[in-house]
Amino acid sequence: MNIYIFVCFVLLIFVIIKILNRKTKKRVLKCQKTYFLAKPKKMIFTSICLMLNYFGVKDYKEFKSLSILKQLDHILSCVLYKTPVTYNLEIDKTILKNFGVDINLPIFYVKEYNKTFLKGIMLSKKYVKFNLIFNEENFIMNKKLNKIKYFLLNTNFASVKLLNNIFALNINTPNKFKVKKVENINQIEIKNNKKVLIANSKIENNFLCDVYNNNNVNIEIKKCVNSGEYLYFKIVNKSETIQNIELSYNYKLEDKYFAYTKQVNGLLVKNILSNQNLYICNDFNIKCFYPNNMREEISLPFLKMYKCFNIAPKTEKNFVLYIGNKKINKTNLKESYNLYNKKINEIVNFKIKCQNKTLEYLVNFYLPNRIILEDVDKTYDLNIDNFEECYFLFKQKKLSNLNFYFWLKHYYIGIVEDKNFIKIDTKLKEDFTLYYKLNHKTKEIQVKNNANFQKYMIVSGVKFYNCNLITKQNLDTIDKLTLVV
């Protein structure tokens with residue numbers, strides 16, 4: 001009987017516990033305070049704790065082992081995100097090729113390993129490509145390794161030069177790191193007193209302009225491309241109090257084998273394999289962060305420019321940031337603005353008067369102020385003869401302002417020019433007048449279509465038959481000429 005009572009009592013306790021667990025509130029004994037039961041979501045905190053970059057804990061089911069998942073994620077993180085520390089060593093690509101490695105792929109050197117690490121290596125080959133190099137002294141043959149390509153490095157007999165090159169490019173690190181993925185890649189973020197400002201973008205006076213404006217400050221960033229990217233900052237404090245400004249620019253590097261060297265007014269980023277240089281220059285002591293000087297986290301992309309400063313009431317601050325393949329001092333940074341405008345004026349050097357008012361408006365007013373030199377080094381090859389067809393592509397934003405202007409100037413209107421000559425070879429089937437700028441003077445060129453196909457040029461009352469070309473030296477001595485085409 002006593003046993004029966006005991007069993008019933010245990011069952012009663014079990015039912016009470018089940019009922020209590022269904023409730024969302026818990027009451028502490030001898031206390032009137034009520035607490036809500038916290039129910040943390042699965043796997044979120046575990047992923048953060050494990051510092052997983054490529055995978056999440058939800059992928060645990062696929063690999064059946066948390067240790068293998070962690071190891072695999074670490075290997076993939078090294079291959080995808082880790083930048084090697086080269087200590088300014090000049091990389092010898094020939095000696096690496098002779099060893100057999102693919103210099104376009106990362107080098108992953110393994111000094112010693114265990115079964116879990118080897119399992120992670122085998123799995124990682126399914127996701128990414130890299131040069132796998134084992135230390136021959138600690139290498140243990142395994143049948144699984146027959147399925148992948150790897151190299152053995154004898155550190156006792158290999159040349160010092162080969163060892164130095166492999167160790168300099170090695171992206172294998174024993175330390176697990178968490179990658180901080182930045183969303184605003186290749187975008188500038190501006191904060192005023194810790195509040196993010198939203199930009200209004202426009203094209204104005206041949207610059208791509210981002211304007212940030214609130215009750216305290218007005219910030220304008222003018223961007224252009226002229227053998228590199230220039231950013232001109234103008235920050236005006238409109239208020240009666242000191243304003244804090246914080247700007248950051250996350251710049252994406254297309255490769256990952258880079259060496260970083262601090263410069264007087266910026267940073268030198270050298271591509272180790274191609275020996276190409278990228279300079280970050282400025283006249284405002286903007287800080288540059290990159291993988292080698294980030295302590296606990298690697299930030300994607302691999303380059304970040306940052307500046308935080310205060311600006312006094314009713315004052316203005318101007319500075320320049322340059323990103324390109326040549327080193328520029330502070331004096332040249334300030335002169336670059338005028339050099340860019342000079343280059344624009346060399347392109348926009350004529351106006352037209354004709355019956356086609358749309359063409360006239362585009363050439364004389366609309367396009368000249370909206371041309372930006374982002375595509376100036378790209379060749380435009382438009383196999384189009386019809387103005388309406390080309391204009392339609394432009395309105396559909398399939399043609400940039402610059403390329404459309406080039407097509408109108410050099411092909412449709414037909415101005416062909418070099419350092420010494422100017423030639424008119426037009427496709428425009430109507431009479432029109434050009435006002436061409438030369439040496440700060442405007443030359444009037446009247447172009448007439450001749451149905452008889454007899455071409456000539458009239459200069460100072462003299463006809464020159466079968467001629468549509470004139471030297472700039474001769475054009476400089478006259479104010480007006482007539483061309484019959």
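Scope of this entry: the structure provided in the associated data block.

Parameters at a glance
- Residues numbered from 1 in each chain as written.
- Predicted model: local features only at pLDDT ≥ 70, side-chain atom pairs only at ≥ 80, totals over all residues.
- Heavy atoms only, no water.
- Buried < 20%, exposed > 50% of the residue type's maximum accessible area, 1.4 Å probe, protein only.
- Helix = DSSP H or I, 4+ residues; strand = E, 2+ residues; numbered from the N terminus.
- Contact = heavy atoms within 4.5 Å.
- Patch = residues over 30% accessible without salt bridge, like charges linked within 9 Å, V, L, I, M, F, W, Y side chains within 5 Å.
- Areas by Shrake-Rupley, 256 points an atom, 1.4 Å probe, with all protein chains shown as cover.
- Salt bridge = Lys/Arg side-chain N within 4 Å of Asp/Glu carboxyl O.
- Lys, Arg positive; Asp, Glu negative; His and termini not counted.
- Charge placed at Lys NZ, Arg CZ, Asp CG, Glu CD.
- Pairing = 2+ DSSP bridges.
- Phe/Tyr/Trp six-rings, centres within 6.5 Å; stacked < 30°, edge-to-face > 60°.
- Lys NZ or Arg CZ within 6 Å of the ring centre and 35° of its normal.
- Core = buried A, V, L, I, M, F, W, Y, C linked by side-chain atoms within 4.5 Å.
- Axes fitted to C-alpha atoms, helices over the stretch in contact; angles between N-to-C directions.
- Parallel < 35°, antiparallel > 145°, perpendicular 65-115°, else oblique.
- Left-handed = near helix turned anticlockwise from the far one by under 90°.

Some words on helix α7 (residues 160-169)
Helical geometry: 3.6 residues make up each α-helical turn, so side chains three or four residues apart lie on a common side.
Inference 1: Restricting attention to buried positions, one finds in α7 the residues L162, L163, N165, I166, A168 and L169.
Inference 2: Along its buried surface, α7 packs onto α5 (93-99), β3 (107-110), β4 (131-135) and β5 (151-153).

What about a positive patch on the surface?
Inference 1: Among the surface-exposed residues, K115, K119, K126, K144 and K147 lie close enough to one another that they form a single positively charged patch.
Inference 2: By the element assignment, K147 lies in the loop between β4 and β5.

A word on the sheet that holds strand β19 (residues 303-311)
Inference 1: Taken in spatial order, the 5 strands of this open sheet run β8-β7-β13-β19-β17, and their pairing is antiparallel. The two strands at the open ends of the sheet, each matched to only one other strand, are β8 (195-196) and β17 (287-289).
Inference 2: Pairing analysis gives 5 bridges linking strand β7 (residues 188-192) to strand β13 (residues 243-251), with the strands arranged antiparallel. Counterpart to I190 in the pairing with β13 is L247.

Here's the deal with the pattern of salt bridges
Inference 1: The tally for this structure, following the rule as stated, stands at 13 salt bridges.
Inference 2: Residues K202 and E204 are paired through a salt bridge, measuring 3.3 Å at the closest nitrogen-oxygen approach.
Inference 3: A relative accessible area of 37% means that K202 is categorised as partly exposed.
Inference 4: Taking the shortest distance from any N to any O, the salt bridge between K480 and E444 comes out at 3.9 Å. With a gap of 36 residues between them, K480 in strand β29 (residues 480-484) and E444 in strand β25 (residues 441-448) connect regions that are remote in the sequence.
Inference 5: Under the relative-accessibility criterion, K480 is labelled partly exposed at 49%.

A closer look at the pairing of strand β9 (residues 199-204)
Inference 1: Summarising the sheet, β9 and strand β10 (residues 207-213) pair through 6 bridges and their orientation is antiparallel. Bridge pairing links S201 to D210 in β10.
Inference 2: In textbook terms, the turn of a hairpin is the stretch between consecutive antiparallel strands, and for β9 and β10 this stretch comprises 2 residues, one of which, N205, has a positive phi near 50°.

Here's the deal with the packing of aromatic side chains
The relation between two aromatic rings is expressed through the spacing of the ring centres and the mutual angle of the planes.
Inference 1: The full count for this structure, using the stated rule, is 35 aromatic pairs.
Inference 2: Arranged with centres 6.3 Å apart and planes meeting at 90°, the rings of F309 and F319 form a pair that is edge-to-face. Separated by 10 residues along the polypeptide, F309 in strand β19 and F319 in strand β20 (residues 316-324) bring together distant segments of the chain.
Inference 3: The class for F319 is buried, based on a relative accessible area of 2%.
Inference 4: Grouped by ring-pair contacts, the aromatic residues Y361, F365, Y366, F387, Y391, F394, F404, W407, Y411 and Y412 constitute a single cluster.
Inference 5: The ring of F130 carries K125 above its face, with NZ or CZ at 4.2 Å from the centroid.

Some thoughts on the nonpolar core
Inference 1: One finds L96 and F108 to be the most contacted residues of the largest nonpolar core, which totals 84 residues.
Inference 2: When residues of this core are assigned to their parent elements, the largest contribution, 8 residues, is made by helix α4 (residues 66-81).
Inference 3: Once residues lying within four places of it in the same chain are set aside, the contact partners of L96 are I91, V101, I103, I107, L162, N165, I166 and L169.

Points about the packing of helix α9 (residues 357-370) against helix α11 (residues 401-412)
Inference 1: Where α9 meets α11, the axes come as close as 10 Å, and the angle between the chain directions of the two elements is 140°. Our classification of the angle between α9 and α11 gives oblique. Here α9 and α11 pass one another in a crossing that is left-handed. Across the interface between the two elements, L359, L362, V363, L367 and R370 from α9 touch N401, F404, Y405, L408 and Y412 from α11.

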